[in-house]
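# Reading the structure
Each chain is listed here by its residues.
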Amino acid sequence: MSGRFALFRWTPAFAAQQGFPADQQPHWNLAPGSQVLLLRGEHEQPALVRARWGLTPAWLTDLSKTPAHARAETLAEQPMFRDAFRQRRGLIPANGFYEWRGAARKRPYWLSSEESLLYFAAVWEAYPVEGHVYLSTAMITQAAASLRRPLILNAQDRQRWLAADTPLEELQALLVGRPQPLRERVLSNLVNDPKLDGPECLTPA
């Protein structure tokens, strides 16, 4: 499961997008519960916002059960996600993500692309608390052999995913798209520490 990812490098064009926080810091070890950047298409131009990684629908009463991931195979039917899938879709930008493999002793791997940024398909919800509205998000995952990885969308598919008028059939087709080729390298165990958030997370094995 893609339980950690990183966003530590971005282009000037990305930083010029509407909503990019002036105080945005690089992060090498984002985990569920973190504040992450979310690109959503509510306006004529998509805008960036901050959202908690862990979906919080307004009807949810047990805030200890906020899912960070949503399965692409069941997204359209699951009560937790189906309304957001139809009405509140977004993208989580990242430079790459971590994956742990192995039986007896799991080793961390770093997965990235030739592109400077990857965009993970996501859904989002707003949660009102005492006059404030907080945003939350869940990353959509797809099967990758015996593992699960983020659903990564290319530029054309990102536009269709964010557009409010994309037919449901086209959205469902995006959920079963072929995984993109990724680069990978094995890492040292430093990234195993969820409190570590620096370049040393990417120290090779």
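See above for the structure.
First, a word on what this report is: a plain description of the structure on this page. Note that the structure is predicted; figures quoted are calculated from it, not measured.

Rules and cut-offs
Residues numbered from 1 in each chain as written. Predicted model: local features only at pLDDT ≥ 70, side-chain atom pairs only at ≥ 80, totals over all residues. Heavy atoms only, no water. Salt bridge = Lys/Arg side-chain N within 4 Å of Asp/Glu carboxyl O. Helix = DSSP H or I, 4+ residues; strand = E, 2+ residues; numbered from the N terminus. Buried < 20%, exposed > 50% of the residue type's maximum accessible area, 1.4 Å probe, protein only. Core = buried A, V, L, I, M, F, W, Y, C linked by side-chain atoms within 4.5 Å. Arc of directions from axis to C-beta. Contact = heavy atoms within 4.5 Å. Pairing = 2+ DSSP bridges. Polar contact = N/O pair within 3.5 Å; in protein donor to acceptor, adjacent residues only side chain to side chain. Axes fitted to C-alpha atoms, helices over the stretch in contact; angles between N-to-C directions.

Turning to the pattern of salt bridges, a few remarks are in order. Scanning the model with the defined rule gives nine salt bridges in all. Ionic pairing is found between Glu125 and Arg88, a salt bridge with its closest N-O pair at 3.1 Å. One end of the pair, Glu125, is in strand E9 (residues 118-129); the other, Arg88, is in the loop between helix H2 (82-87) and strand E6 (89-94), and 37 residues separate them in sequence. Residue classification places Arg88 among the buried residues on the basis of a relative accessible area of 18%. Here Arg101 makes a salt bridge to Glu99, at a shortest N to O gap of 2.8 Å. Taking relative accessible area as the criterion, Arg101 reaches 22% and is therefore assigned partly exposed. With relative accessibility at 2%, the residue Glu99 sits in the buried group.

A word on the nonpolar core. The biggest cluster of nonpolar side chains holds 49 residues, and the ones touching the most others in it are Phe5, Leu75, Phe120, Ile140 and Trp161. The leading source of residues in this core is E9, at seven residues. The next biggest cluster of nonpolar side chains, apart from the first, holds 11 residues, and it includes Ala6, Phe8, Tyr98 and Leu196.

Moving on, we get to helix H3 (residues 155-162). By the burial criterion, the buried members of H3 are Asp157, Arg158, Trp161 and Leu162. Looking straight down H3, one finds that the buried residues subtend no more than 130 degrees of arc, so they occupy a single side. Facing away from the buried surface of H3 by more than 90 degrees, the exposed residues are Gln156 and Gln159. Buried residues along H3 sit in contact with strand E3 (35-40), H2, E6, E9, strand E10 (132-144) and helix H4 (168-175).

Take Ala163: it is sitting in the loop between H3 and H4. Judged by its relative accessible area of 23%, Ala163 falls in the partly exposed class.

Within E3, five of the six residues are buried, which leaves it mostly tucked inside the rest of the structure. The sheet contact formed by E3 and strand E4 (residues 47-53) spans six bridges and is antiparallel. In the strand pairing of E4, Gln35 is matched with Arg52. Looking at chain direction, E3 and E6 are connected through two bridges and run antiparallel. Paired with Arg40 across the two strands is Gly90, which belongs to E6.

This part takes up the side chain of Arg148. Within the element layout of this structure, Arg148 appears in strand E11 (residues 147-150). A polar contact is formed between the side chain of Arg148 and the backbone oxygen of Thr141, at a distance of 2.9 Å.

We now examine the sheet that holds strand E2 (residues 27-30). With antiparallel pairing, the five strands of this open sheet are ordered in space as E2-E1-E7-E8-E12. Only two strands of the sheet have a single neighbouring strand rather than two, namely E2 and strand E12 (183-186). Strand-to-strand twist of the sheet, defined as the mean angle between neighbouring strand axes without regard to direction, takes the value 25 degrees. As defined by bridge partners, strand E1 (residues 5-7) adjoins E2 across two bridges and the pair is classed as antiparallel. Bridge pairing in E2 links Phe5 to Leu30.

Distances and angles like these do not, on their own, reveal function.
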